[in-house]
Structure formats: C-alpha cells, structure tokens
Amino acid sequence: MATILNIETSTDVCSVALSRDGEILEHYENYDGNSHSTALAPMVRDAMEYAHSRELRLDAVAVSMGPGSYTGLRIGLSQAKGLAFGLEVPLIGINTLELLVVSAMFNHFIDDEVLYAPMIDARRMEVYTGLYTPGLKAVMEPCAMVLDENSLSEALAQRKVVLCGNGSEKAKAVIHSDNAMWIGGVKPVALDMVALAEKAWREKAFVDVAYSTPVYLKDFVATKPKKLL
C-alpha cells in the first residue's frame, strides 16, 4: 500500500492531501488566492506530522505540474521536489487539465459519450485547454487557446462537450452551441489527485526530481517598446 502526499497549487487554490492506498487520511485547502508561498508549507508540515503520528512512511510525493499559474506551479513543484529529494522517494507529476476532468467526473454524473474541455484561465480571452474522453484519452492535446466563436467548433458539431474550470466562464460569452455543457465550481484540488497519483504509482510513472519543470504551454515573449516618435 502506498502512502502519497498530494500537492496542488496550479490556480488560486492551494491544497494538500495525504492518502494511503487511495484512502484520504488528511486534507487541507486554502482559497485565499495568491498566498501559496505562505500557505503551502504549514499544510505540508501538518500532513507530515499526521503521517509521523501514525508511523506511516511516505512512499511518494505527487504534484500538479500544470498548466496553470506560473508562480503557483513553481511554488508547488519546489516544495514537492524538496520533499522527494530529502525523503528519497519518487516524484509523481499530475497534468492539471486531467485533474480537472477527474474533478468534474467525481462530482457530476454525466453521459459517457461526452468529451471534456477543462479550461484554466490564462488572462484576457486565452485559456489553457484540451479535449479528453472520460477515459482521459487526449482527443486534442493541451494547448493555449484564444477563445472565439469558432473555438471547439469541430468537436461541438459532433457531440456534447463539457466545459469546466476557472477559464470556462469566459467561453460562455463566445461559444454558442446546444452541445456545450458548462459545469461551474470545478477547481483542481489535491483531494481529487489521489486516483491519478495511485495510478501513476502502480505504473511507476515518475518524473525526474532534479530536472522536471512545470508545464506552462506558453513561452515568455519579449516585445519591443513602441516608438515614441
């Protein structure tokens, strides 16, 4: 049986969950927004103290790898790497978009024939998104998408598409299709990472503790200053 510490910091929610063989032992969530740098460490400490009090040895650390907030992802991954390195345990990387799909499926019973389009806000009218089957097969690989009236039009022409995540609200203003289904309130949290982390543990799908980096999907682009004259 695996004891796994799950860390999620990809959006404005900071959360930690301690699990053993798929069962939630402890979990902590903070919805204060941009306070991950101060909120995460105490959550991890409390989870580790709980594990120690039950004489449980941590077998792995799982962390959300993105896409998502640049700062949040760096904070979460840095903490996870430090723990994994210090305890000499494997590091598991969880795709945040897949996590949103799992969160939506866990909390809402929906027909198996739908596709899922999890969306994470990337500012303005841009989102990080992808298209997934209920089995988490990627029909459209994760990407940064500028939303307009043609977004996801090909998929929506063929079947129901469930849109969820903090970027999906922006899609309502431009996507008008009877096949579009919106689920509000779906946030990536460590509590819902457990099933994905357990699967990765069984398959030994680990990421490199030293060299793994967050999945940003967008590169930083420097722009030239406008001419004043």
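This one's a predicted model, so the numbers in the text were calculated from it and none came from an experiment.

1. A few points about the overall build of the protein chain
In terms of regular secondary structure, the protein chain is built from 6 helices and 10 strands. For the protein chain, whose C-alpha radius of gyration is 18 Å, the value lies close to the compact-globule estimate of 17 Å for 229 residues. With respect to the three principal axes, the spread of C-alpha positions in the protein chain is 55 × 55 × 30 Å. Among the 229 residues that make up the protein chain, the fraction classed as buried is 48%. For the protein chain, the proportion of contacts with a sequence separation of at least 24, taken over those separated by at least 6, is 64%. Looking at the protein chain as shown, the accessible area adds up to about 12000 Å², and 52% of this sits on carbon and sulfur atoms. Taking the average location of the 21 positive side-chain charges in the protein chain and that of its 29 negative ones, the two points are 8 Å from each other.

2. Comments concerning the packing of aromatic side chains
Tallied over the entire structure, the rule returns 2 aromatic pairs. On the basis of an interplanar angle of 40 degrees and a centroid distance of 4.6 Å, the ring pair of tyrosine 70 and tyrosine 216 is categorised as tilted. Taken as a pair, tyrosine 70 in helix H2 (residues 70-87) and tyrosine 216 in the segment after helix H6 (194-203) lie far apart in primary sequence, 146 residues in all. Given a relative accessible area of 29%, tyrosine 70 falls into the partly exposed group. On the numbers, 6.0 Å between centres and 50 degrees between planes, the contact of tryptophan 201 with phenylalanine 206 is tilted.

So, how was this worked out
- Residues numbered from 1 in each chain as written.
- Predicted model: local features only at pLDDT ≥ 70, side-chain atom pairs only at ≥ 80, totals over all residues.
- Heavy atoms only, no water.
- Helix = DSSP H or I, 4+ residues; strand = E, 2+ residues; numbered from the N terminus.
- Rg over C-alpha atoms; globule rule 2.2 N^0.38 Å.
- Buried < 20%, exposed > 50% of the residue type's maximum accessible area, 1.4 Å probe, protein only.
- Contact = heavy atoms within 4.5 Å.
- Areas by Shrake-Rupley, 256 points an atom, 1.4 Å probe, with all protein chains shown as cover.
- Lys, Arg positive; Asp, Glu negative; His and termini not counted.
- Charge placed at Lys NZ, Arg CZ, Asp CG, Glu CD.
- Phe/Tyr/Trp six-rings, centres within 6.5 Å; stacked < 30°, edge-to-face > 60°.

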